[in-house]
Amino acid sequence: MKKKIHLSDNARHFLRFVPNLLTICNSLCGFLAILYTLQVYKMSPSADLRGVFCVSSIMIFSAMVFDAFDGLAARALNAASLHGIQMDSLADMVTFGVAPATVVFIMTDTLKAGVMANWQIALVYLLCSVYIGCAALRLATYNVHAMSSDKKGDPSYFSGMPSPGAAAAICAVVFFAHETKLPIEDFAFVLPVYAAILGLLMVSTIPYIHAGRWLFSVRKSKRKMILLLLMILVAIIFRTAGIVFMITTYVLSGPFIQLFRLIGRKNA
């Protein structure tokens with residue numbers, strides 16, 4: 001027979017603060033990524049600027065771990081609240097909105113210094129602004145939906161790409177270019193366009209699988225368990241390339257799911 005564990009009021013108060021503490025760690029990772037990225041302006045042109053952007057991307061990836069566990073902790077400790085929802089979105093705006101856009105803009109600005117015309121710099125700024133604006137709209141819409149009592153749709157899917165997924169897609173390109181020694185300068189013009197596209201996907205109605213719910217449902221499905229093991233195997237064997245491939249597959253999965261749904265409706 002299991003014994004009940006009696007906690008003091010202070011212990012219960014601390015445990016309820018754990019989700020908020022994890023959310024704060026999320027926002028701090030994003031803030032550090034921004035500050036670290038800005039260090040390139042103090043470095044000499046001959047320094048390894050690409051390494052700075054790689055480290056910033058790793059910081060954003062680290063924030064995703066805290067973002068995943070704060071929701072889990074809130075449910076496990078019965079500490080979910082509207083305050084926590086608002087706080088989580090504010091942290092996500094910093095980490096998955098401002099930080100990736102900062103990496104993209106500063107990387108383009110420094111690696112293409114003296115090459116871009118003023119109109120090109122303005123275009124990069126505009127494309128990064130599209131990403132930030134869409135991230136803000138996405139998170140605000142999510143908050144309204146989370147607080148609404150009239151929730152519709154399949155909870156296994158997001159309507160539009162989640163902001164952590166968009167940030168992961170940007171960071172994956174930066175990290176992949178650095179790890180594989182590809183000329184990251186060639187990505188400097190591509191990334192702002194990619195960021196703007198990801199921003200539009202965030203505010204779209206294209207369905208994206210809820211990764212968190214999918215992972216927690218793995219134990220109930222042999223197919224999902226096999227797929228998860230394959231994903232882990234791909235990450236172990238191919239490492240960076242494998243992770244980038246899976247993230248890119250997730251980005252493309254939304255439009256494909258939407259296409260299949262449209263085809264199914266026409267055939268029905």
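Residues numbered from 1 in each chain as written. Predicted model: local features only at pLDDT ≥ 70, side-chain atom pairs only at ≥ 80, totals over all residues. Heavy atoms only, no water.

K.L.:
In this structure, what is going on with the packing of aromatic side chains? I would like to understand it.
P.N.:
For any pair of aromatic rings, geometry is given as the distance between the ring centres together with the angle between the planes. For the structure on display, the rule yields two aromatic pairs. Taken together, a centroid distance of 5.4 Å and an interplanar angle of 50° make the contact between Tyr208 and Tyr250 tilted. Taken together, the positions of Tyr208 in strand S2 (residues 207-209) and Tyr250 in helix H9 (residues 240-267) put the pair 42 residues apart, joining distant regions of the chain. Ring geometry for Phe256 against Phe260: centres 6.5 Å apart, planes inclined by 35°, an arrangement best described as tilted. Note that Phe256 and Phe260 are positioned in helix H9 at a spacing of four residues, about one turn of the helix. Sitting above the plane of the Tyr157 ring, Arg261 keeps its charged end 4.9 Å from the centroid. (Phe/Tyr/Trp six-rings, centres within 6.5 Å; stacked < 30°, edge-to-face > 60°. Helix = DSSP H or I, 4+ residues; strand = E, 2+ residues; numbered from the N terminus. Lys NZ or Arg CZ within 6 Å of the ring centre and 35° of its normal.)

K.L.:
Please explain the confidence of the model for the protein as it appears in this structure.
P.N.:
Low pLDDT marks regions whose predicted coordinates should not be analysed in detail. When pLDDT is averaged along the protein, the result is 84, and 88% of the positions lie at 70 or above. Across the protein, the element-wise mean pLDDT spans from 75 in helix H7 (residues 211-216) up to 94 in helix H6 (residues 190-202). The model gives residues 1-5 a pLDDT under 50, and that stretch makes zero contacts with residues more than four places away or in other chains. (pLDDT = per-residue confidence, 0-100. Contact = heavy atoms within 4.5 Å.)

K.L.:
How do you make sense of helix H3 (residues 82-111) when you look at a structure like this?
P.N.:
Because an α-helix packs 3.6 residues into every turn, residues spaced three or four apart end up facing the same way. Across its 30 residues, H3 extends 42 Å between first and last C-alpha, which sits within 8% of the 44 Å expected from 1.5 Å per residue. Along H3, the largest kink reaches about 30° and is centred on Asp92. (Expected span 1.5 Å × (residues − 1). Bend = angle between axes of the 7 residues up to and from the residue.)

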